[in-house]
Amino acid sequence: MGLPPQLTAEQRQQALLKAANSRKRRAEVKSKMKNGEISIDDILLLAKNEDAIAKMRVKELLESLSGVGKVRAQSLMERLNISPSRRIQGLGRLQVKQLREEFMKSDHAVKPGKLLVLSGPGGVGKSTVAKELREAGDFWVSVSATTRKPRSNEIDGRDYFFVTDEEFTRMVNADEFLEWAEFAGNRYGTPLEKVEHALLLGRNVLLEIEIAGAKQVKAHLPQSVLVFLEPPTWEELVSRLEGRGTDSPERRAERLELAQEELAAASFFDVVLVNDQVKSVVGKLIELSHN
Ligand code: 5GP
């Protein structure tokens, strides 16, 4: 067996300081858990970025939850097959999922957020509404992946994650999408994990997607609220689509035809809103998230 590394006095001092800081940080986080200020999900999220939290023992974490205590923590760990010395960073994906589910059921859960799906014909103004909502701060707005090429005013990671056809196919096969659909020759999809995460943290989530995708979301998550945005008049929609200088004339014609079909889908939706004024639509969506 090799000898332990020889540390200089300075290195020892630094190691001690680091350990003290980690203990302090863990105590701080545990006290927040006890007071109900943060949830088990917040801790799992913190553990992804902070070594001090990643190295906390699962036992210590569970015991610090108000109302759990040593006995319940132990029986829970036995049931989920988590060894007593396991640290958060060593939890398997399934164990994390089971722990989450356990606490979603109990009164320790943060109330999950609302999932609103905003859909409607292309050109009706969904993205303007989504942008306003993101800025108002009431919603976490999902950023989709797409195989479409970026328009001149779009930024990767902000407007979309622009991916190749191969990467999109990989994501489909790896079940990384909550829903995905083809629209006007390109594929668009909602990354699942980020949406789930935001909902579990209690954030209201908004998806701004086309109709086939909205239907898939409802099938997977029946508690989602599907909102259909209608133009005040058909003429208004035509003029918006015609005025879109970023599309070629063929693409605009194609989109007009699609929009006609899309308008017929309104009856499938939980709520229909007329986009006469962006501010009023935004207000109504915020109201829906409180219901
Ligand atoms: P655009 O190319 O104009 O940005 O978007 C075309 C259509 O795709 C819009 O109706 C938009 O709402 C929709 N879309 C954007 N992201 C997604 C997505 O992740 N899934 C689905 N199904 N549609 C999306």
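Residues numbered from 1 in each chain as written. Predicted model: local features only at pLDDT ≥ 70, side-chain atom pairs only at ≥ 80, totals over all residues. Heavy atoms only, no water.

## Examining the packing of helix α11 (residues 234-242) against helix α12 (residues 249-263)
(1) Moving on: Orientation of α11 relative to α12, taken along the N-to-C sense of each, is 150°, at an axis distance of 10 Å. Taken as axis vectors, α11 and α12 run roughly antiparallel relative to one another. At the point where α11 passes α12, the crossing takes the right-handed sense. For the pair α11 and α12, the contacting residues are Trp234, Leu237, Val238, Leu241 and Glu242 in the first and Arg252, Arg255, Leu256, Ala259, Gln260 and Leu263 in the second.
(2) Moving on: Here the contact of α11 with α12 is composed, by residue class, of seven nonpolar, one polar and three charged. (Axes fitted to C-alpha atoms, helices over the stretch in contact; angles between N-to-C directions. Helix = DSSP H or I, 4+ residues; strand = E, 2+ residues; numbered from the N terminus. Parallel < 35°, antiparallel > 145°, perpendicular 65-115°, else oblique. Left-handed = near helix turned anticlockwise from the far one by under 90°. Contact = heavy atoms within 4.5 Å. Nonpolar A, V, L, I, M, F, W, Y, C, P; charged D, E, K, R; others polar.)

## Quick notes on the site of the ligand
(1) Moving on: By nearness alone, 17 residues border the ligand, and Lys126, Arg148, Tyr160, Tyr188 and Glu210 come closest of all.
(2) Moving on: Note that an oxygen atom of the ligand is positioned 2.7 Å from one of the side-chain N or O atoms of Ser144.
(3) Moving on: Against a free-state accessible area of 520 Å², the protein chains account for coverage of 95% of the ligand.
(4) Moving on: Contributing elements (two or more residues each) for the shell around the ligand: β5 (177-183) and β6 (186-191). (Near = heavy atom within 4 Å. Polar contact = N/O pair within 3.5 Å; in protein donor to acceptor, adjacent residues only side chain to side chain. Areas by Shrake-Rupley, 256 points an atom, 1.4 Å probe, with all protein chains shown as cover.)

## A word on the pattern of salt bridges
(1) Moving on: Taken as a whole, this structure holds 16 salt bridges when the rule is applied.
(2) Moving on: Asp159 is the partner of Arg158 in a salt bridge, and the nearest nitrogen-oxygen pair spans 3.0 Å.
(3) Moving on: Linked by salt bridges that have partners in common, Arg25, Glu28 and Glu50 make up one network. (Salt bridge = Lys/Arg side-chain N within 4 Å of Asp/Glu carboxyl O.)

## A closer look at the domain arrangement of the protein chain
(1) Moving on: Taken domain by domain, the protein chain holds domain 1 (12-104) and domain 2 (115-290).
(2) Moving on: When each unit is reduced to the centre of its C-alpha atoms, the spacing between domain 1 and domain 2 is 37 Å.
(3) Moving on: Taken together, the contact pairs seven residues of domain 1 with four residues of domain 2.
(4) Moving on: Both sides together, the interface formed by domain 1 and domain 2 hides about 530 Å², and carbon and sulfur atoms give 62% of it.
(5) Moving on: Scanning the region where domain 1 abuts domain 2 turns up zero salt bridges.
(6) Moving on: On inspection of domain 1 and its partner domain 2, the count reaches zero residue pairs in polar contact (both at pLDDT 80 or more).
(7) Moving on: Where the side of domain 1 that touches domain 2 is concerned, the elements lending two or more residues are α2 (40-49) and α6 (93-105).
(8) Moving on: At four residues, α2 tops the list of elements feeding residues into the side of domain 1 that touches domain 2.
(9) Moving on: Its residues assigned to classes, the side of domain 1 that touches domain 2 shows two nonpolar, no polar and five charged. (Domains from an automatic or database assignment. Buried area = accessible area lost by both parts, 1.4 Å probe.)

## Regarding the nonpolar core
(1) Moving on: One finds Leu62, Ile88, Leu91, Leu99 and Phe103 to be the most contacted residues of the largest nonpolar core, which totals 24 residues.
(2) Moving on: Of all the secondary structure elements, the ones that give two or more residues to this core are α1 (9-34), α2, α3 (51-54), α4 (58-63), α5 (69-79) and α6.
(3) Moving on: With four residues, the single largest contributor to this core is α2.
(4) Moving on: Membership of the second largest hydrophobic core comes to 22 residues, among which are Ala259, Val281, Val282 and Ile286. (Core = buried A, V, L, I, M, F, W, Y, C linked by side-chain atoms within 4.5 Å. Buried < 20%, exposed > 50% of the residue type's maximum accessible area, 1.4 Å probe, protein only.)

## Observations concerning the sheet that holds β6
(1) Moving on: Taken together, four strands build an open sheet; the order of strands is β4-β3-β6-β5 and the sheet is mixed. In this open sheet, the two edge strands, each paired with only one partner strand, are β4 (161-162) and β5.
(2) Moving on: In this structure, strand β3 (residues 145-146) lies alongside β4, joined through two bridges in parallel fashion. If you follow Ala145 over to β4, its bridge partner there is Phe161. (Pairing = 2+ DSSP bridges.)

## Comments concerning unusual backbone geometry
(1) Moving on: Phi is positive for Asn81, which is not a glycine, with a value near 60°.
(2) Moving on: Notably, Ala184 is not glycine yet its phi reads approximately 45°, a positive angle.
(3) Moving on: By the secondary structure assignment, Ala184 is in the loop between β5 and β6.
(4) Moving on: Residue classification places Ala184 among the buried positions, given a relative accessible area of 11%.

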